[in-house]
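# Structural characterization, general
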Amino acid sequence: MKTDLTDTTSSKINKALVLGRRAIGTPAVGMVLTLVIVTDEENAYDALKAANEASREHPSRTLVVIKRVSRSARDRSKARLDAEVRLGADASTGETVVLRLYGEVGDHAQSVVLPLLLPDAPVVVWWPVNAPTDPANDPLGALAQRRVTDTYAAEQPIHELAARADAYTPGDTDLSWTRITPWRSMLAAALDQVVCEVTSAEVEGEEFNPSVELLAMWLAERLKVPVRRSRSAGPGLTSVRMETSSGPIVLDRPDGSLATLSIQGQPDRAVALKRRETAELIAEELRRLDPDDTYATALKFGLERLDEGASGAAAEPEAVAAAPAGPEPVAKPAPKKAPAKKAAAK
C-alpha cells in the first residue's frame, strides 16, 4: 500500500501511517527500532532495497531523508515537504516513509524526523554516501544510539578513515569494518588451532580499500606485531599472511568467494568467504546497538603507527643481511677463548 503526500507535514504523515495500518489490518505497531537513511536521489533506491531486506530480520520503521536541490533561487526560497508512505507488501515487514525536503526545510531535517520516530525504541542513522565528518554532532546523528557510515563510498576513503578516528564517538561504526567480520573470525579461529607466537603479518587487498587498513590496524593492535599492507587487483581483501614461530598461516581469497586456509603441518582447507551484500551488512549492524569497543580500538590505533611498524619490520631483514660482512673477523676469536675457560674450570 502506497500513499503519496505533497506539501505535507509530520502530523499528516503520522495520520497516514495510522490509517494505512488499519486499512491493511495491522493496527498495532510491531517495529523494534527506527532506521533513518540519509541519502541522495541517486542512491536512495539501493539503500532502501537493502533496508527492506534487513527488515525481515529487524522489523523497523524506515525513514528515508532525501534533500532535493532546487534549480532556481525562487524554488530554493520555498520550503516544502513531500512524503511517500509505504505499508504492507511495499515495505517488506516494516513501515517505510520516503521524505523529500525542498528549500530551507532541508536544513532542519531533524525537526521533520523527530515526530516520526517510534516512541521508546532505539534509533539508528545510516549514511550510505556523503556522511558527515563527525556523525555524532550531526543534527540527525544526535537523535541516534548508533550511527553507521561507509568510508568505502567516499572520494578519498583513507583520509575519511583518519577523520573518523579523530571524531569517533561511542556508537559510531562503519560498513568497512563490518565487511571484515568473517576475516577476523577466521583468523582468530586459525590462531586457536596452533600454539605459536606471531612475529609479523601482511594484509593484501585492492588499493583505496579502507577494509584493508582496518584489518591491518586490528591485527597490529591485537597481536602487537608489525603489519605490512600490499596492493592487489582485488576484489576487496585478497590475502592475509601471518608469520609465526610454527610456520606461516595464510588465508587467501583470490576470487572474492572461496578462500583457502593454510596452516603449517595441516592440510589446506577451503573456506566460504564470499563478499556480502549491503543488506547483510546492515542486518549485522542492527543486531547490536551498544558501542563497538573493538572497532574503536582498531580505528584509534592510527594509520601513522601502522606505517612506522611496517617500515621498522622492513628494515630488520636489511640489517640482518648486512651484519655478516662486518662482525665476521670479530667473531673468530670467540671459539678460542671458550676452551680456556673450560680448562680453568676443571
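Throughout what follows, the structure given in this document is the object of discussion. Quantities reported herein were computed from a predicted structural model and do not represent experimental measurements.

## With respect to the overall build of the protein
Helix and strand content of the protein: 13 helices and 14 strands. Relative to its 346 residues, the protein shows a buried fraction of 45%. Taking all contacts inside the protein whose residues are at least 6 apart in sequence as the whole, residues at least 24 apart take part in 71%. Accessible area for the protein stands at about 17900 Å²; split by element, carbon and sulfur atoms hold 52% of it.

## Some remarks on the packing of aromatic side chains
Under the counting rule described, the total for this entry stands at 2 aromatic pairs. Relative to Tyr295, the ring of Tyr168 has its centre 6.1 Å away and its plane inclined at 65 degrees; by these criteria the two rings are edge-to-face. Of this pair, Tyr168 sits in the loop between α5 (157-166) and β8 (172-174) while Tyr295 sits in helix α10 (residues 293-300), and the two are 127 residues apart along the sequence. With relative accessibility at 13%, the residue Tyr168 sits in the buried group.

## Things to note about the packing of helix α2 (residues 41-54) against helix α9 (residues 278-286)
α9 packs onto α2 with a crossing angle of 55 degrees between their chain directions and a minimal axis gap of 8 Å. It follows from the interaxial angle that α2 and α9 lie oblique. Crossing hand, α2 versus α9: right-handed. Mapping the contact onto sequence places Ala50, Glu53 and Ala54 in α2 and Thr278, Ala279, Ile282 and Ala283 in α9. Classifying every residue of the contact of α2 with α9 by side-chain character gives 5 nonpolar, 1 polar and 1 charged.

## Considering unusual backbone geometry
In this structure, Phe208 takes a positive phi of about 60 degrees despite not being glycine. The phi dihedral of Lys224 falls on the positive side, at around 55 degrees, and the residue is not glycine. One can find Lys224 in the loop between α8 (210-223) and β10 (227-231).

## Topic: helix α7 (residues 181-192)
In this model α7 runs 17 Å from its N-terminal to its C-terminal C-alpha over 12 residues, within 8% of the 16 Å that 1.5 Å per residue would give. For α7, the full list of buried residues reads Thr181, Trp183, Arg184, Leu187 and Ala190.

## Describing the nonpolar core
Soluble globular proteins tend to pack their nonpolar side chains together in the buried interior. With 38 residues, the main nonpolar core has Val203, Leu215, Leu219 and Val227 as its most contacted residues. Elements supplying a minimum of two residues to this core: α7, β9 (198-205), α8, β11 (237-244), β12 (249-252), β13 (258-263), α10 and α11 (303-322). At 8 residues, the largest contribution of residues to this core is made by α8. The residues contacting Val203, other than those within four sequence positions of it, are Val212, Leu215, Ala216, Leu219, Val227, Arg228, Arg229, Ser230, Leu237, Ser239 and Val240. Of all hydrophobic cores here, the second largest spans 27 residues; its members include Leu5, Ala16, Leu117 and Val125.

## Let's talk about α5
For α5, the set of buried residues is Pro157, Glu160, Leu161 and Arg164. Each buried residue of α5 lies within a common arc of 105 degrees when the element is viewed along its axis, so the set occupies one face. In α5, those exposed residues whose orientation departs by more than 90 degrees from the buried face are His159 and Asp166. If you follow the buried residues of α5, they end up packed against β7 (146-149), β8, α8 and α10.

## Side note on the packing of α5 against α8
Where α5 contacts α8, the axes come no closer than 9 Å and their chain directions differ by 45 degrees. Accordingly, the angle class assigned to the pair α5 and α8 is oblique. Each of Pro157, Ile158 and Leu161 in α5 lies in contact with α8, whose residues at this interface are Pro210, Glu213, Leu214 and Met217. For the contact of α5 with α8, the class distribution of residues is 6 nonpolar, no polar and 1 charged.

## Topic: the side chain of Glu84
Tracing the backbone shows Glu84 in strand β4 (residues 80-86). Engagement of the side chain of Glu84 in a polar contact is seen with the side chain of Arg86, the distance being 2.8 Å.

## Some details on the pairing of strand β3 (residues 60-67)
Among the 8 residues of β3, 7 are classified as buried, and the element is accordingly described as predominantly covered. Both strand β2 (residues 33-39) and β3 contribute to a ladder of 7 bridges, which runs parallel. Residue pairing in the sheet places Ile37 in a bridge with Val64 of β3. Taken together, β2, α2 and β3 form a β-α-β motif whose crossover is right-handed.

## With respect to the environment of Gly171
Among the structural elements, Gly171 can be located in the loop between α5 and β8. Linking Gly171 and Pro291, residues 120 residues apart in sequence, is a C-alpha distance of 4.5 Å. For Gly171, the residues in contact, after removing those within four places along its chain, are Gln145, Arg146, Arg147 and Pro291.

## Comments concerning the sheet that holds β7
Ordered in space as β1-β4-β5-β3-β2-β6-β7-β8, the 8 strands form an open sheet in which the pairing is mixed. Looking at which strands have only one partner, the edges of the open sheet turn out to be β1 (2-5) and β8. For this sheet, the mean angle separating the axes of adjacent strands, direction not counted, is 15 degrees. Note: β7 against β8, 3 bridges, orientation parallel. If you follow Arg147 over to β8, its bridge partner there is Asp172. Against the sheet, helix α1 (residues 10-24) engages β1, β3, β4 and β5 (95-102), with an angle of about 15 degrees to β4.

Cut-offs used in this document
- Counting restarts for each chain: residues are numbered from 1 in the order of the written sequence.
- Under the rules for a predicted model, residues below a pLDDT of 70 receive no local features and side-chain atom pairs below 80 are neither given nor counted, while totals for whole chains, interfaces and linings still include all residues.
- Side-chain measures here rest on the full set of heavy atoms in the structure, leaving out hydrogens and waters.
- Segments assigned H or I by DSSP are reported as helices when at least four residues long, segments assigned E as strands when at least two residues long, and all are numbered from the N terminus.
- Exposure categories follow from relative accessible area, calculated using a 1.4 Å probe and restricted to protein chains: below 20% of the type maximum is buried, above 50% is exposed, and the middle band is partly exposed.
- Note on contacts: a residue pair is in contact if any heavy atoms of the two residues lie within 4.5 Å.
- Here, Shrake-Rupley sampling with a 1.4 Å probe gives the accessible areas, and only protein chains in the shown set may cover a residue.
- A pair of Phe, Tyr and Trp rings is counted when the ring centres sit within 6.5 Å of each other, with Trp represented by its six-membered ring. The angle between the planes then sorts it: under 30 degrees is stacked, over 60 is edge-to-face, the rest tilted.
- Axis geometry follows a simple rule: fit a line to the C-alpha atoms, using only the stretch in contact for helices, then measure angles between N-to-C directions, giving values from 0 to 180 degrees.
- Orientation categories follow fixed angle ranges, with anything under 35 degrees roughly parallel, anything over 145 roughly antiparallel, 65 to 115 roughly perpendicular, and all other angles oblique.
- Crossing handedness follows the turn of the near helix against the far one: under a right angle anticlockwise gives a left-handed crossing, and clockwise gives a right-handed one.
- Three residue categories are used. Nonpolar comprises Ala, Val, Leu, Ile, Met, Phe, Trp, Tyr, Cys and Pro, charged comprises Asp, Glu, Lys and Arg, and polar comprises the others, including Gly.
- Helices are assigned an expected span. That span is 1.5 Å times one less than the residue count.
- Only buried residues count toward a nonpolar core. Its members are Ala, Val, Leu, Ile, Met, Phe, Trp, Tyr and Cys residues joined through side-chain atoms within 4.5 Å.
- Regarding the arc, it is the one traced by the directions from the helix axis to the C-beta atoms.
- As used in this structure description, the phrase polar contact means that two N or O atoms lie within 3.5 Å; if the pair is within protein, one of them must be able to donate a hydrogen and the other to accept it, and residues adjacent in sequence are counted only when both atoms belong to side chains.
- Being paired, for any two strands, means DSSP has found at least two bridges between them.
- For the handedness criterion, the strands are oriented away from the viewer, and a crossover whose path from the first strand over the helix to the second runs clockwise is classed as right-handed.

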